[in-house]
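Remarks on the overall topology
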Amino acid sequence: MSDSTTDNPLDDPAADPFAVAAQAADDIARLTGVDRHDIALTLGSGWGKAAELIGETTATIDATDVTGFGRPALEGHVGTLRSVVTARGKRVLVIGARTHFYEGHGVRRVVHSVRTAAATGAKTMVLTNGAGGVRHEWHPGQPVLISDHINLTAASPLEGATFIDLTDLYSLRLRDLARTIDPTLEEGVYCQFRGPQYETPAEVRMAKAIGGHIVGMSTALEAIAARQAGMEILGFSLITNLAAGIQTTPLSHQEVIEAGRQAEPVISSLLARVIGAL
Ligand code: HPA
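Only a predicted model underlies this, so the values are computations on that prediction, with no experimental measurement involved.

1. Considering the site of the ligand
- Taken together, Gly130, Ala131, Gly132, Tyr198, Glu199, Val215, Gly216, Met217, Thr240, Asn241, Leu251 and Val256 are the residues near the ligand.
- Between the ligand and Gly130, the relevant distance is 3.3 Å, taken from a nitrogen atom to a main-chain nitrogen or oxygen of the residue.
- Taking Asn241, its side chain carries an N or O atom lying 2.7 Å from a nitrogen atom of the ligand.
- In isolation the ligand offers 260 Å² of accessible surface; the protein chains occlude 95% of this area.

Laid out in structure tokens, this is it:
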């Protein structure tokens with residue numbers, strides 16, 4: 001098996017991650033033939049079909065051909081980047097290649113796709129994920145808006161004394177816009193755990209006690225990097241399962257994938273309509 005840690009410029013501590021992202025954006029422009037993108041969309045578990053509904057795909061490229069991107073670690077995570085044009089002529093960079101913090105390649109690799117998206121010109125970052133629901137009244141297959149997050153990874157994409165305001169990190173304007181498409185959308189606070197193990201029931205109780213409603217292993221670090229890059233952020237979680245201890249049966253990756261598969265048509269069309277309205 002080839003090693004995704006080799007030959008990645010981000011693994012050199014002396015590298016400037018923003019310069020690597022600028023190089024990646026140049027690669028994307030060259031390989032897609034699209035100079036600038038307006039919107040970026042990261043597809044998490046269950047959200048994969050959305051790309052087809054957003055508009056016309058003008059180019060699909062292998063993420064590993066783009067500087068700084070590694071190999072996908074997970075089944076259900078496509079390692080491609082697509083350039084899509086919406087009916088209104090907006091260029092959307094669809095990122096089907098997410099590096100998770102639990103892979104252990106460091107935060108620079110985790111947020112590289114977001115920094116690259118910003119370097120392609122994208123002003124809006126749409127982050128999606130599959131996650132566990134802490135609220136009893138939620139059900140697997142339900143999409144929810146992310147209203148805020150709690151970063152439980154003890155890590156940050158910011159380096160040095162970089163003090164960044166995270167008020168309204170998940171844009172109220174964009175959440176309101178999403179609710180004009182689907183007024184039944186609920187929202188909640190996303191807790192990013194490091195993973196890759198699912199949470200214990202005690203950890204889920206802690207998440208609930210500190211104000212969390214959604215538990216997952218992505219998104220918060222990416223959102224911080226997107227804010228640093230000056231992007232407006234919209235976050236969606238697909239509740240693939242109720243969190244450990246909330247649901248009485250054990251959690252399995254298979255269950256998460258299956259819930260995503262079943263919800264895919266509905267949430268993809270929701271996402272496509274929201275992106276069409278941006
Ligand atoms: N916890 C963390 N990550 C997840 C979950 C969960 O319950 N479901 C899907 N991703």
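From this point on, the discussion continues.
2. Overview of the nonpolar core
- Leu81, Met125, Ile214, Met231 and Ile233 are the most contacted members of the largest nonpolar core, which has 48 residues in total.
- Considering each element in turn, this core owes the most residues, six residues, to helix H3 (residues 107–119).
- The contact partners of Met125, leaving out residues within four places of it in the chain, are Ala40, Leu41, Thr42, Ile95, Val114, Ala117, Ala226, Met231, Glu232, Ile233 and Leu234.
- By size, the runner-up hydrophobic cluster in this structure holds 27 residues, among which are Trp47, Ala51, Leu185 and Leu270.

3. A word on the confidence of the model for the chain
- On average, the chain scores 92 in pLDDT, and the residues at 70 or more come to 95%.
- For the stretch residues 1–5, pLDDT sits under 50, and the model shows seven contacts to residues farther than four places along the chain or on other chains.

4. So, the packing of helix H1 (residues 17–32) against H3
- The N-to-C vectors of H1 and H3 enclose an angle of 55°; their axes lie 8 Å apart at closest approach. Relative to H3, the element H1 lies oblique. Crossing handedness for the pair H1 and H3: right-handed. On H3, the residues touching Pro17, Phe18, Val20, Ala21, Ala22, Ala24, Ala25 and Ile28 of H1 are Arg108, His112, Arg115, Thr116 and Ala119.
- Of the residues in the contact of H1 with H3, the class split is nine nonpolar, two polar and two charged.

Thresholds, definitions, all that
- Residues numbered from 1 in each chain as written.
- Predicted model: local features only at pLDDT ≥ 70, side-chain atom pairs only at ≥ 80, totals over all residues.
- Heavy atoms only, no water.
- Near = heavy atom within 4 Å.
- Polar contact = N/O pair within 3.5 Å; in protein donor to acceptor, adjacent residues only side chain to side chain.
- Areas by Shrake-Rupley, 256 points an atom, 1.4 Å probe, with all protein chains shown as cover.
- Core = buried A, V, L, I, M, F, W, Y, C linked by side-chain atoms within 4.5 Å.
- Buried < 20%, exposed > 50% of the residue type's maximum accessible area, 1.4 Å probe, protein only.
- Helix = DSSP H or I, 4+ residues; strand = E, 2+ residues; numbered from the N terminus.
- Contact = heavy atoms within 4.5 Å.
- pLDDT = per-residue confidence, 0-100.
- Axes fitted to C-alpha atoms, helices over the stretch in contact; angles between N-to-C directions.
- Parallel < 35°, antiparallel > 145°, perpendicular 65-115°, else oblique.
- Left-handed = near helix turned anticlockwise from the far one by under 90°.
- Nonpolar A, V, L, I, M, F, W, Y, C, P; charged D, E, K, R; others polar.

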